[in-house]
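As a plain string of letters, each chain reads:
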Number of protein chains: 2
Amino acid sequence: MMDAIFKALADPTRRALLDRLLERQGQTLTELVDGLGMRRQSVAKHLAVLEGAGLVSCRWQGREKLHYLNPLPIAEISRRWLDRYSGERAAAILNLRDALQENDNE
Amino acid sequence: MMDAIFKALADPTRRALLDRLLERQGQTLTELVDGLGMRRQSVAKHLAVLEGAGLVSCRWQGREKLHYLNPLPIAEISRRWLDRYSGERAAAILNLRDALQENDNE
DNA sequence: TTGACATGCAGCTAATTGGCTGCATAATAA
DNA sequence: TTATTATGCAGCCAATTAGCTGCATGTCAA
């Protein structure tokens, strides 16, 4: 599950899609295609990956599929994984700096 | 640059390597190979990716290459990108909930 | 000096990925 | 009803990736 999220975030087009949805929720596929320089079907695949990772939720309205950003998984990742690297173990940064400066300054 | 970091984090083996280094800095390649069920050369490639993304820094000590986690890029990512999804736009979560509950409860 | 050890480098292969085209289906508009 | 529009689905292809093997290089210990 965490793996799906990281893999989904690994593609710049998919991050751009999340940014677009952050600006305005509920956009359709054809709206989201605009400006990406890519065919509709390719964008649809990217959106499917985002949906599979739980980052985007959808709602059908007639023949249009509205896309909504779901920020909760990203908040989870940030809290449960990334924070370990900046939070309680911040001392590691100092250890690193010390270790690197120890004896080679080339 | 941000792209390199996201791509580096997309692989579970690489995230495991970061976790290992978070537990103990300065491990050698052969130490890190242990427990991954993978050849040394493969692990070396993963470490090269992490180093290329700035997530790992290295120091040579004789014939051994010591690996150190660099938490700064992850903190950058968390601050400059991920926080937008939980912070100022937290209202979007409510908008999403409202939109999804609007008219379909199947 | 010689043998063992730590690593690097080049190249192979199978699987995955990210784009594409073509066609099908469902909903709206005329 | 018929044409248009929004989307889905299947399949193709080139590029990337993640593992591997084999060999070369440099360092340490006996």
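What counts and how
Residues numbered from 1 in each chain as written. Chains lettered and ligands numbered in written order. Predicted model: local features only at pLDDT ≥ 70, side-chain atom pairs only at ≥ 80, totals over all residues. Heavy atoms only, no water. Helix = DSSP H or I, 4+ residues; strand = E, 2+ residues; numbered from the N terminus. Expected span 1.5 Å × (residues − 1). Bend = angle between axes of the 7 residues up to and from the residue. Buried < 20%, exposed > 50% of the residue type's maximum accessible area, 1.4 Å probe, protein only. Contact = heavy atoms within 4.5 Å. Near = heavy atom within 4 Å. Polar contact = N/O pair within 3.5 Å; in protein donor to acceptor, adjacent residues only side chain to side chain. Nonpolar A, V, L, I, M, F, W, Y, C, P; charged D, E, K, R; others polar. Phe/Tyr/Trp six-rings, centres within 6.5 Å; stacked < 30°, edge-to-face > 60°. Salt bridge = Lys/Arg side-chain N within 4 Å of Asp/Glu carboxyl O.

## Observations concerning helix 5 (residues 72-86) of chain B
Here helix 5 of chain B spans 20 Å end to end across 15 residues, near enough to the 21 Å set by a 1.5 Å rise per residue. When the local axis directions of helix 5 of chain B are compared, the greatest deviation, roughly 35 degrees, occurs at Arg79 of chain B. Buried residues of helix 5 of chain B: Pro73, Ile74, Ile77, Ser78, Trp81, Leu82 and Tyr85 of chain B, and no others. Next to the buried residues of helix 5 of chain B lie helix 1 (2-9), helix 2 (12-23), strand 2 (64-69) and helix 5 (72-86) of chain A together with helix 1 (2-9) and helix 2 (12-23) of chain B.

## With respect to the protein's contact with DNA strand C
The local shell around DNA strand C holds 21 residues, among which Arg39, Ser42, Lys45 and His46 of chain A together with Arg40 of chain B are the closest. Protein-adjacent atoms of DNA strand C, using a 4 Å cutoff, are sugar or phosphate at a proportion of 56%. At 3.0 Å, a side-chain N or O of Arg40 of chain B approaches a base oxygen of DNA strand C. In this structure, Arg63 of chain B approaches DNA strand C through a side-chain N or O atom, which is 3.0 Å from a base oxygen. At the level of secondary structure, the elements contributing two or more residues to the surface near DNA strand C comprise helix 2 and helix 4 (40-52) of chain A together with helix 3 (29-33), helix 4 (40-52) and strand 2 (64-69) of chain B. Here the residues of the surface near DNA strand C are counted per class, giving three nonpolar, eight polar and 10 charged.

## Observations regarding the protein's contact with DNA strand D
Close contacts around DNA strand D come from 20 residues, with Arg63 of chain A together with Arg39, Ser42, Lys45 and His46 of chain B the closest. Of all DNA strand D atoms lying within 4 Å of any protein atom, the proportion belonging to sugar or phosphate reaches 57%. Arg39 of chain B has a polar backbone atom sitting 2.7 Å from a phosphate oxygen of DNA strand D. A distance of 2.7 Å separates a phosphate oxygen of DNA strand D from a polar atom in the side chain of Ser42 of chain B. The class makeup of the residues in the surface near DNA strand D is three nonpolar, seven polar and 10 charged.

## Here we look at the packing of aromatic side chains
Residues and elements named next belong to chain A. Across all of its chains, the model carries two aromatic pairs over all chains by this definition. Ring geometry for Phe6 and Trp81: centres 5.2 Å apart, planes at 70 degrees, overall edge-to-face. Here the residue Phe6 occupies a position in helix 1, and Trp81 occupies one in helix 5, the gap between them amounting to 75 residues. Both residues of the pair, Phe6 and Trp81, belong to the buried class.

## Describing the environment of Lys7 of chain B
Mapped onto the elements, Lys7 of chain B comes out in helix 1. Taking C-alpha positions, Lys7 of chain B is 8.9 Å from Val49 of chain B, a pair spaced 42 residues apart along the chain. Residues in contact with Lys7 of chain B, not counting those within four places in the same chain, are Ala10 and Pro12 of chain A together with Arg14 of chain B. Side chain to side chain, Lys7 of chain B and Asp3 of chain B meet in a polar contact 2.8 Å long.

## Re the environment of Ala4 of chain A
Structurally, the position occupied by Ala4 of chain A is in helix 1. Expressed as a C-alpha distance, the spacing of Ala4 of chain A and Ala53 of chain A, which sit 49 residues apart in the sequence, is 5.2 Å.

## So, the pattern of salt bridges
Summed over all chains, the structure comprises 12 salt bridges over all chains. In this structure, Lys65 of chain A and Glu51 of chain A form a salt bridge, with 3.4 Å as the shortest nitrogen-oxygen distance. Highlighted residues: Lys65 of chain A in strand 2 and Glu51 of chain A in helix 4, separated in sequence by 14 residues. On the accessibility criterion, Lys65 of chain A (26% relative accessible area) is partly exposed. What makes Glu51 of chain A partly exposed here is its relative accessible area of 33%. One salt bridge in this structure joins Glu76 of chain B and Arg79 of chain B, with 3.3 Å as the shortest N-O distance. Here Glu76 of chain B pairs with Arg79 of chain B, and both are found in helix 5, just three residues apart, close to one helical turn. For Glu76 of chain B, a relative accessible area of 31% translates into the label partly exposed. Given a relative accessible area of 52%, Arg79 of chain B falls into the exposed group. Salt bridges sharing common partners tie together Asp3 and Lys7 of chain A together with Arg15 of chain B.

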